[in-house]
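The chain contents come next:
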Amino acid sequence: MPDVKHFDEAEALVAVEQLFWRRGSAATGIQDVVAATGLSRSSLYNAFGGKDALYAAAARRYLEHRSRPMFDQLAADGRGLVAVRTFFDKLLRLRLSGEYAGWGCMMANANTESPPDAVRAVLSEHHAVLRDSLAAALKVAQSNGELRSGVEVAGAAEMLTLLAYAINLRSRAGATRAQLRSAVTAAVGALAA
């Protein structure tokens with residue numbers, strides 16, 4: 001008779017996501033995952049596979065539940081540069097205050113490690129969705145005449161995407177709101193007409 005699961009996989013994955021987010025993959029052993037979830041190794045391996053598969057599942061959960069809603073909101077905002085500024089205001093708020101202050105972004109953190117291929121695929125998707133969302137907002141700004149002449153939307157969206165990753169990393173390292181805000185102000189200001 002097959003073993004019956006006596007735990008909620010989605011709930012366990014939340015704990016795993018937070019563990020990898022806070023500590024990264026290199027600093028997290030399977031025993032740490034066991035302690036965080038209260039599950040046995042065999043239950044974890046049966047449900048998720050090895051550590052790399054668990055890390056990929058946690059990264060996917062982070063993308064779908066934390067990042068994508070914020071990116072979709074940005075892409076659909078329709079206010080051009082105001083939408084971009086609002087996105088960065090929210091990013092600064094998330095990274096510098098509240099329950100997860102100082103944790104950075106799981107995706108930005110993972111980019112500093114040597115993630116397995118399955119996680120690299122999630123990182124590439126995260127980057128593309130963020131870049132495309134910023135590009136959507138910049139296209140609105142361009143059509144509204146908010147961008148200075150000669151701004152190339154694709155390049156500007158890539159620059160702002162890289163700025164978002166830098167904010168995530170620097171907030172984890174203790175950068176102040178004023179430091180990070182000045183970078184956002186300079187970057188968006190350089191694009192404005």
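None of the values given here were measured: they were computed from a predicted structure.

Colleague: It is not clear to me how the overall build of the protein chain should be interpreted in this structure. Could you clarify?
Modeller: Summing up its helical and strand segments, the protein chain has 9 helices and 0 strands in all. The order of α-helices and β-strands along the protein chain, N terminus first, is α-α-α-α-α-α-α-α-α. Its C-alpha atoms give the protein chain principal-axis dimensions of roughly 70 × 35 × 25 Å. Evaluated residue by residue, the protein chain yields a buried proportion of 44% over its 193 residues. A fraction of 72% describes how many contacts in the protein chain between residues 6 or more apart in sequence connect residues 24 or more apart. Roughly 9300 Å² of accessible area belongs to the protein chain as shown, and the carbon and sulfur atoms make up 53% of that amount. Placing the 22 positive and 19 negative side-chain charges of the protein chain at their respective mean positions leaves the two points 6 Å apart.

Colleague: Help me understand helix α3 (residues 41–48) in this model?
Modeller: Every α-helical turn comprises 3.6 residues, leaving residues that sit three or four positions apart pointing alike. Burial in α3 covers these residues: Ser43, Leu44, Ala47 and Phe48. Down the axis of α3, the buried side of the element spans an arc of 100 degrees, and every buried residue falls inside it. In the core, the buried residues of α3 are packed alongside α1 (9–23), α2 (30–37) and α4 (51–76). Immediately beyond the C-terminal end of α3, within one or two residues, lies glycine 49, with a positive phi of roughly 95 degrees.

Colleague: Honestly, the layout of surface pockets in this entry has me stumped. Any pointers?
Modeller: In this approach the atoms are scanned with a rolling probe the size of a water molecule, which exposes any empty space left behind. Estimates place the volume of the largest pocket at around 280 Å³. The wall of the largest pocket is formed by 22 residues, among which Tyr62, Arg66, Met70, Leu94 and Arg95 lie closest to the centre. Looking at the lining of the largest pocket, the elements that each hand over two or more residues are α4, α5 (81–96), α7 (117–143) and α8 (153–172). Take the lining of the largest pocket: its biggest share by element is 6 residues, from α5. Considered class by class, the residues forming the lining of the largest pocket number 12 nonpolar, 5 polar and 5 charged.

Colleague: Which parts of the structure should I look at to understand the environment of alanine 193?
Modeller: Mapped onto the secondary structure, alanine 193 falls in the segment after α9 (177–191). Considered as a pair, alanine 193 and valine 151 are 42 residues apart in the sequence and their alpha carbons are 9.5 Å apart. Aside from chain neighbours lying at most four places away, what touches alanine 193 is Gly145, Glu146, Leu147 and Arg148.

Colleague: How do you make sense of the packing of α5 against α8 when you look at a structure like this?
Modeller: Each pair of packed helices can be described by the angle between their axes along with the distance between the axes. Between α5 and α8, the shortest axis-to-axis distance is 10 Å and the interhelical angle comes to 15 degrees. Overall, the two elements α5 and α8 adopt an arrangement that is roughly parallel. Considering how the two elements wind past one another, α5 and α8 form a crossing that is right-handed. Taken together, the residues of α8 that come into contact with α5 (itself represented by Val84, Phe87, Phe88, Leu91, Leu92, Arg95 and Leu96) are Leu160, Leu163, Ala164, Ile167, Asn168 and Ser171. Classifying every residue of the contact of α5 with α8 by side-chain character gives 10 nonpolar, 2 polar and 1 charged.

Cut-off values and rules
- Residues numbered from 1 in each chain as written.
- Predicted model: local features only at pLDDT ≥ 70, side-chain atom pairs only at ≥ 80, totals over all residues.
- Heavy atoms only, no water.
- Helix = DSSP H or I, 4+ residues; strand = E, 2+ residues; numbered from the N terminus.
- Buried < 20%, exposed > 50% of the residue type's maximum accessible area, 1.4 Å probe, protein only.
- Contact = heavy atoms within 4.5 Å.
- Areas by Shrake-Rupley, 256 points an atom, 1.4 Å probe, with all protein chains shown as cover.
- Lys, Arg positive; Asp, Glu negative; His and termini not counted.
- Charge placed at Lys NZ, Arg CZ, Asp CG, Glu CD.
- Arc of directions from axis to C-beta.
- 1 Å grid on protein atoms, 1.4 Å probe; cavity = no way out; pocket = protein on both sides within 12 Å on 5 of 7 lines; lining within 4 Å.
- Points joined across faces, edges and corners; volume = space filled by probe spheres on them.
- Nonpolar A, V, L, I, M, F, W, Y, C, P; charged D, E, K, R; others polar.
- Axes fitted to C-alpha atoms, helices over the stretch in contact; angles between N-to-C directions.
- Parallel < 35°, antiparallel > 145°, perpendicular 65-115°, else oblique.
- Left-handed = near helix turned anticlockwise from the far one by under 90°.

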